[in-house]
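Chain and residue survey
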Amino acid sequence: MWMKRITIIFGISMAAILALTTLLSAVAPNQPRVVPTAAPVATFPPPPAPESIVFAQRFLHPAGLYTLALPAGWAVDEAENTRAGLRTVLANEAAQSVIQVDVDRPPRSSDSGPLTLDVLDARYNDAWLGSSWREYRDWEESERRRSADDRLIIDFALQHGGQTFVARQQSWTDGEWIYAVRVVTPENATAALLQLLEGTADSLRPLKELADTPFLWNAWFDGERAHFIRYPQDWTLSDSAPGRPTSLSGGDASLRIESLEGQVADEAAAGASVSARHSGAEVLSVSALAQEGAEGFAVAWRGRNVDGDSHSGFDALLNGADGQLHVASLRFPGLTDLNTEEGAAAEPDLEMMMRSFRLLPDLAAELAG
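As the structure is a computational prediction, the values presented were derived from the model and not from experiment. (Residues numbered from 1 in each chain as written. Predicted model: local features only at pLDDT ≥ 70, side-chain atom pairs only at ≥ 80, totals over all residues. Heavy atoms only, no water.)

This next bit is on the side chain of Asn92. With respect to the helices and strands, the residue Asn92 is situated in strand E4 (residues 85-92). In this structure the side chain of Asn92 is engaged in a polar contact, spanning 3.0 Å, whose partner is the backbone nitrogen of Ala95. Excluding its chain neighbours within four sequence positions, the residues that come into contact with Asn92 are Gly73, Trp74 and Ser97. (Helix = DSSP H or I, 4+ residues; strand = E, 2+ residues; numbered from the N terminus. Polar contact = N/O pair within 3.5 Å; in protein donor to acceptor, adjacent residues only side chain to side chain. Contact = heavy atoms within 4.5 Å.)

The subject of this paragraph is the sheet that holds E4. Across a sheet, strands are paired by hydrogen bonds formed along the backbone, either parallel or antiparallel in direction. Judged by pairing direction, the sheet is antiparallel, and its seven strands sit side by side in the order E3-E4-E5-E9-E8-E7-E6 without closing on themselves. If you trace the sheet from one side to the other, it starts and ends with strand E3 (75-81) and strand E6 (138-146), each paired once. For this sheet, the mean angle separating the axes of adjacent strands, direction not counted, is 15°. For strand E7 (residues 152-160) and strand E8 (residues 163-173), the ladder comprises nine bridges, and the chain directions are antiparallel. Note that in E8 the partner of Leu152 across the bridge is Ser171. (Pairing = 2+ DSSP bridges. Axes fitted to C-alpha atoms, helices over the stretch in contact; angles between N-to-C directions.)

The next point concerns the confidence of the model for the protein. When pLDDT is averaged along the protein, the result is 88; 89% of the residues meet or exceed 70. Mean pLDDT values for the elements of the protein range from 41 in helix H1 (residues 2-27) up to 98 in strand E9 (residues 178-186). In the model, residues 1-28 has pLDDT below 50 throughout and makes zero contacts with residues more than four positions away in sequence or in other chains. Under a pLDDT of 50 for its full length, residues 34-40 has, in the predicted model, zero contacts with residues more than four places off or in other chains. (pLDDT = per-residue confidence, 0-100.)

Attention now moves to helix H5 (residues 267-277). Turning to H5, its buried residues number three or more, namely Ala270, Gly271, Ser273 and Val274. Projection of H5 onto a plane perpendicular to its axis shows the buried side chains occupying an angular sector of 155°, all on one side. Relative to its buried face, H5 has exposed residues pointing more than 90 degrees away, namely Ala268 and Ala276. Contacts made by the buried residues of H5 are with strand E16 (282-291), strand E17 (294-304), strand E18 (310-319) and strand E19 (324-333). Sitting at the head of H5, Asp266 places a side-chain oxygen 3.3 Å from the backbone nitrogen of Ala268. (Buried < 20%, exposed > 50% of the residue type's maximum accessible area, 1.4 Å probe, protein only. Arc of directions from axis to C-beta.)

Counting buried positions along strand E12 (residues 227-231) yields five of five residues, so the element is predominantly enclosed. On E12, burial covers both faces: His227, Ile229 and Tyr231 on one face and Phe228 and Arg230 on the other are all buried. Bridge analysis of strand E11 (residues 218-222) against E12 gives five bridges, and the strand direction is antiparallel. When the bridges of E12 are listed, Phe221 appears paired with Phe228. As consecutive antiparallel partners, E11 and E12 are separated by four residues, and within that stretch Ala226 has a phi angle of approximately 70°, a positive value.

What follows is about the side chain of His311. By the element assignment, His311 lies in strand E18. Ignoring any residue separated from it by four or fewer positions in sequence, one finds His311 in contact with Trp301, Arg302, Gly303, Arg304, Asn305, Arg331, Phe332, Gly334 and Leu335.

It is worth spelling out helix H7 (residues 348-355) at this point. Side chains of residues three or four places apart in an α-helix project in the same direction, reflecting 3.6 residues per turn. Within the span of H7, buried status applies to Leu350, Met352, Met353 and Met354. Buried residues in H7 make contact with E12, strand E15 (253-261), E18 and E19.

To continue, consider the pairing of E3. When E3 meets E4, the two strands line up antiparallel, connected through six bridges. By the bridge assignment for E4, Glu80 is matched with Arg87. The antiparallel hairpin formed by E3 and E4 contains three residues in its connecting segment.

Evaluated as defined, the whole model comprises nine aromatic pairs. A centroid spacing of 5.5 Å and a plane angle of 80° characterise the contact between Trp133 and Tyr136, whose relative ring orientation is edge-to-face. Since its relative accessible area comes to 2%, Trp133 is described here as buried. By the ring-pair criterion, three or more aromatic residues cluster together here, those being Trp133, Tyr136, Trp139, Phe156 and Phe165. Against the face of Trp172 rests Arg151, its NZ or CZ located 3.8 Å from the ring centre. Seen from the ring of Phe156, Arg182 lies directly overhead, with NZ or CZ sitting 5.6 Å from the centre. (Phe/Tyr/Trp six-rings, centres within 6.5 Å; stacked < 30°, edge-to-face > 60°. Lys NZ or Arg CZ within 6 Å of the ring centre and 35° of its normal.)

Now the structure itself:
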């Protein structure tokens, strides 16, 4: 019964609405039809001409393990290092373009063999790529191929903010590290994309002399004195003006790097140099130190602080081609000779850090342009 009553009421209501609609149409037959306003569509800026893109400045990654050339107009937006990889992101807001450079050292077992393009092909699967494009609304891989020079090329179409972007990633390996350069541009700038990709990839130069040191570590480089050293990420760098003495500290250990007049010709002179600079120092051992482009000596010593407590010391002395003596002087708690196998095993991070101290005048000239 209640269903029949609802049906009758509904029928009467619909008849009333129909009559009212007819009446309104008759009263105002010439009212203009309202058309919804179309949503604005963003437009891309004119693309840069490929020939206008120049690579004039070189950049040293904070980890100190590679350099690359920066295209004019693209600034460093991000530079980070993790245990497995090093990343640099360059951005040009006006051109709505991003360049991403990755250098990775994936963990490998002793029997896994060298890295190959097959390994890279498997590495860049949908899950990996999807995670890497998470800042874009939609992404699609449009093509994948291998070049004649053993590089993996992957093309993409991307959606972001109602606009369509294109991207290309070029990756390769030397058997130990993986290198990847990815460039994103608006869809109207494909010619500029190719110029940016080739220029950046060709400029990427790894510094593999210190390949056995942790990716997570940072580096300090003085372009005036050509001093270079890698140090743990939790250490603090201070007094680091170019050409001036530099201090680093971590925990209860401290390091000072400077250049002095004169050089040391032999072990006796190296020991005497340490004794003269550290009042009351007792030289424990001296060993020859040979780095690429510079030779010198490593001196282990023992001293006391102002409270009379004993501490260990270790100085790396390098005779530079500039006629200066370049010195990295370390102090740390305990009584350990880093020149011995036992001492190096007891303080592996300190020994590795001091072993990374070297002079890189070619790098200084490269960064100076």
